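An overview of the molecular structure
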Amino acid sequence: MSALQPAKPVRRTEGNGGERVPVVARESRRTRSRGRRTPAGWVRGGGLSALLFLLPMLFVFGAFSWYPIVRTAIMSLQHTNLVQPATWVGLDNFRAVLDDPQFPKAVRNTAEFAGLALIFGYPVPLIAAVLMSEVRRFRGIYSALAYLPVVIPPVVAVLLWKTFYNADSTGVFNTILGWAHLGPYPWLQSPDTALPSLVLESTWANAGGTIIIYLAALTGVNRELYEAASTDGASLWRKVWHITMPQLRGVLLLTMILQIIGTAQVFLEPYLFTSGGPANATLTVLLLIYQYAFGNSLGGDYGSATALSLMLAAFLAVLSVVYLRVTRSWSTT
Amino acid sequence: MRRRRHTPAPPEQQALVSGFDWRRPGIRWGVGGAQIALLLGLVVIGLGPLLWLAKSAITPTQDTITHPMALFPNGSDWGNLRAAWTDVEVSRYFWNTVVLAFGSWLSQIIVATTAGFALSILRPAYGKLLTGLVLTTLFVPAVVLLVPLYIEIVHPPLIHHSFIDSYWAIWLPAGASAFNVVLMKRFFDNLPHDIFEAAEIDGAGAFRLFWSIVLPLSRPILGVVSVFAILASWKDFLWPLLVLTNPDGQPLSVRLPTIEAQTPLGVFLATLFIASLVPIIGFLIFQRSFLRGGGLGGAIKG
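Residues numbered from 1 in each chain as written. Chains lettered and ligands numbered in written order. Predicted model: local features only at pLDDT ≥ 70, side-chain atom pairs only at ≥ 80, totals over all residues.

1. Observations regarding the domain arrangement of chain A
Residue and element names in this part refer to chain A. Taken as a whole, chain A is organised into domain 1 (5-89) and domain 2 (93-332). Listed by partner, the interface residues are 9 residues for domain 1 and 8 residues for domain 2. Listing elements by their share of the side of domain 1 that touches domain 2, those giving two or more residues are helix H4 (47-75) and strand E1 (78-79). The element best represented in the side of domain 1 that touches domain 2 is H4, accounting for 3 residues. Taken together, the residues of the side of domain 1 that touches domain 2 break down into 3 nonpolar, 6 polar and no charged. (Domains from an automatic or database assignment. Contact = placed C-beta atoms within 7 Å. Helix = DSSP H or I, 4+ residues; strand = E, 2+ residues; numbered from the N terminus. Nonpolar A, V, L, I, M, F, W, Y, C, P; charged D, E, K, R; others polar.)

2. As for the confidence of the model for chain B
All names here are of chain B. In the predicted model, chain B carries a mean pLDDT of 85, and the fraction of residues at 70 or more is 92%. Per-element confidence in chain B is highest for helix H8 (residues 168-175), whose mean pLDDT is 94, and lowest for helix H16 (residues 287-301), whose mean pLDDT is 59. Predicted confidence is poor over residues 1-13, with pLDDT under 50, and the contacts of this stretch with residues over four places away or in other chains come to 15 contacts. The low-confidence segment residues 297-302 (pLDDT under 50) makes 13 contacts with residues lying over four places distant or belonging to another chain. Model confidence for the complex: the whole-complex pTM is 0.84, and ipTM, which rates the interface, is 0.85. (pLDDT = per-residue confidence, 0-100.)

3. Some points on the interface of chain B and chain A
Between chain B and chain A, the contact holds 95 residues from the first and 90 residues from the second. With 14 residues, the single largest contributor to the side of chain B that touches chain A is helix H2 (residues 25-57) of chain B. Class assignment for the residues of the side of chain B that touches chain A results in 65 nonpolar, 19 polar and 11 charged.

Below, the structure is given as structure tokens:
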């Protein structure tokens with residue numbers, strides 16, 4: 001390679017080759033900096049083809065990711081209605097959102113949704129995954145069954161569960177509970193039970209994904225420790241508690257914050273099940289953003305919508321940073 | 001308890017529950033029972049709703065309303081499926097969904113492979129900065145993009161033409177998946193770089209390297225990305241709801257809430273059944289990609 005290198009003027013992958021082979025690296029870095037001085041040298045050095053390959057990404061990310069992110073920050077400080085030119089209004093949009101009587105309700109519902117989702121959906125996948133990893137036959141059937149609800153389109157899942165939640169005594173869930181002489185329950189139609197009903201469906205739809213992540217993490221647990229613990233006479237419970245759990249701690253902490261971030265952005269369930277009702281009992285932050293921007297047929301309040309979405313993003317960012325700080329100190333002690 | 005010293009388990013059986021544990025009746029019945037209970041629970045919870053949906057799709061509406069848990073009390077009604085496919089025009093929305101999924105898949109594959117190739121193998125000087133910018137978008141919640149992206153589709157900058165009701169409004173933004181780019185780049189990073197050097201010495205250019213060497217080597221990761229791209233497009237709801245306003249061009253997921261309000265329950269459930277059939281069959285065929293990709297998601301995020 002080093003013998004051929006000077007003879008070849010076109011070195012498209014020189015950076016790569018250079019970093020892997022130290023001898024060439026010194027040489028090629030020198031020649032590269034010489035080649036980069038002129039546009040022609042840049043083209044010959046592979047700069048043009050790299051740029052050509054990056055074009056699709058630059059266009060798509062620039063237009064549909066980086067630009068909209070910047071635009072959100074700008075729009076939150078503006079008053080826009082798509083007809084007249086936008087006017088700068090400072091922090092008025094943020095103030096309008098904070099003064100909206102629906103805002104605290106939406107925040108409380110979202111927090112309740114996230115909290116209930118943790119209680120319903122956090123321990124069960126872990127127990128299921130630990131049990132599944134010890135299955136000796138038909139393990140594939142277990143994971144396939146667990147993952148099945150995840151592949152069903154969420155709209156189908158929500159509308160199907162809406163049928164299950166039928167509040168009549170002949171609804172599916174009420175019929176099943178009726179066999180045990182329970183109910184009928186109002187499910188989605190009562191402000192008290194609507195939100196937990198949403199969480200139940202959401203847990204059903206998402207638990208499979210968490211189980212698969214835990215199963216993947218469980219294959220990375222150091223198996224020799226089990227053997228050593230068995231030799232020392234550790235009971236099954238102590239092995240779970242002192243070997244499995246500590247090695248899963250990183251994944252467990254991660255899935256928890258990912259789940260909180262995910263459930264803080266819940267939209268589909270409240271939108272399709274209840275449209276935020278009854279009596280705003282299932283109005284979430286994302287549903288409020290949707291209502292600001294698209295709920296009014298007269299034209300959207302895009303300023304308030306972007307202001308609220310920025311506030312949510314900032315809150316989640318701060319929460320993640322604090323969470324990572326706190327949990328890091330746990331894992332060191 | 002101490003007797004266990006004399007029972008070294010063979011290496012492949014080194015597990016949480018050791019071979020010795022399995023021979024103890026308490027654990028055998030406890031863990032085994034829990035596993036069987038888990039299997040039954042998974043069948044009821046994971047498969048049960050789908051079986052009910054399949055049953056109700058071919059049950060007369062009245063029977064489903066009055067006796068939802070009875071199994072064909074008055075015979076079956078296959079007419080539901082036919083009515084859903086033709087009268088409700090599910091065939092049209094089904095086709096729309098397929099076209100949308102195919103375009104989104106293509107856009108994601110093109111962006112992820114070219115960007116991953118350039119950032120991992122060509123490595124321009126500004127590549128690190130771009131990788132950083134892509135990674136940053138992973139941490140931005142999707143909702144932040146919603147409103148400005150919508151306005152960009154209605155009033156695109158530079159071009160004075162609304163993209164509302166155009167499938168490009170779905171296909172192009174789908175390509176901006178940071179997750180795919182990161183996944184591809186990681187995969188390319190781990191390919192044996194000696195091959196690239198050899199190809200380069202043999203005179204292969206960047207394009208040849210990409211097409212004839214890197215792409216054929218990356219079939220496993222292309223499979224995972226494809227499966228998830230198509231599934232994500234099939235599942236998508238809010239974005240197509242916003243930008244596709246003409247009912248004739250909408251995908252199934254967007255049409256379903258309207259269909260729910262306008263059709264008898266039996267026909268509607270048949271529609272739901274058809275809508276979930278493709279993802280489920282795809283899952284059964286590509287199970288390995290799904291389950292490995294699910295674990296991969298955890299590994300990457302970690």
